[in-house]
Amino acid sequence: MYIFSSALQAKPGHGAIVRDGALQLASVLASAGADGTTAWQGMLGVPYGAFLVSGRFDSVADYADASTTMQQDPAFAEISATLGPALAAPADVYVSQIVAAGTNYAQQPFVSVTRAVVAAGQMSAAMQWSTEFLEFAEAVTGEGGLLTRNVGGRVGDIGFIFAAPDAEAWQARDAKLAADPGYVARLDQTEGLFEPGSDQQVLMSAIS
């Protein structure tokens, strides 16, 4: 399974235009064949005016077909023309493969995405640590997450996705994880596995 995402950063004062455009893009993406299409608003870890559109595909080939369909859709061209002047920069597009999933993970309206870039020569060790951390987090909180790796975007970029019904529920899960004695100990095991300064956590809330 693959996750497509397109990040949209609004110019100051243009957030409403980009928000509406994100909702419209999610609809066009669904019509092109994506599953679970969602428009998101950045809450923490991104500048004000950050939005994202995501969807799932069974394969890269399915995404490629959908991308072609979208780019030939007059509605997509119209949305792009409206969005262009409102964006601070061209939209960033990523495709990530789900390489591990918790037993009870389900898409929900509030998510955290934590990303980092694997250091040169550390891919095997980093993926092993990441898979074990995903299992550890589920054992502690009772809620599963996703482990992804980029197939389009930064090479070596991996990510953890955890979902909750709302910000309060996510905070409770995060507090439970952070309070476990094994949490910091596991983080200490990451020395040398990831590029310094490449880690980032973003919180997003669904708007569709």
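A short tour of the structure in this document, coming up. For clarity, every value in this text was computed on a predicted model and none was experimentally measured. (Residues numbered from 1 in each chain as written. Predicted model: local features only at pLDDT ≥ 70, side-chain atom pairs only at ≥ 80, totals over all residues. Heavy atoms only, no water.)

**Quick look at helix α1 (residues 15-31)**
Helical geometry: 3.6 residues make up each α-helical turn, so side chains three or four residues apart lie on a common side.
Consideration 1: In this model, α1 (17 residues) spans 24 Å end to end at C-alpha, consistent with the 24 Å of a helix rising 1.5 Å per residue.
Consideration 2: Those residues of α1 that sit buried are V18, G21, A22, L25, A26, V28 and L29. Along the axis of α1, the buried positions cluster into a sector of 165°, meaning they face one direction only. Away from the buried face of α1 by more than 90 degrees, exposed residues A16 and S31 are located.
Consideration 3: If you follow the buried residues of α1, they end up packed against β1 (2-9), β2 (35-44), β3 (50-57), α2 (60-71) and α3 (74-83).
Consideration 4: Taken from the residues just after α1, G33 is the one with a positive phi, measuring 120°. (Helix = DSSP H or I, 4+ residues; strand = E, 2+ residues; numbered from the N terminus. Expected span 1.5 Å × (residues − 1). Buried < 20%, exposed > 50% of the residue type's maximum accessible area, 1.4 Å probe, protein only. Arc of directions from axis to C-beta. Contact = heavy atoms within 4.5 Å.)

**Observations regarding a negative patch on the surface**
Consideration 1: A cluster of acidic side chains, namely D35, D58, D62 and D65, defines a negative patch on the protein surface.
Consideration 2: Looking at the element boundaries, D58 is found in the loop between β3 and α2.
Consideration 3: Judged by relative accessible area, which is 53%, D58 ranks as exposed. (Patch = residues over 30% accessible without salt bridge, like charges linked within 9 Å, V, L, I, M, F, W, Y side chains within 5 Å. Areas by Shrake-Rupley, 256 points an atom, 1.4 Å probe, with all protein chains shown as cover. Salt bridge = Lys/Arg side-chain N within 4 Å of Asp/Glu carboxyl O. Lys, Arg positive; Asp, Glu negative; His and termini not counted. Charge placed at Lys NZ, Arg CZ, Asp CG, Glu CD.)

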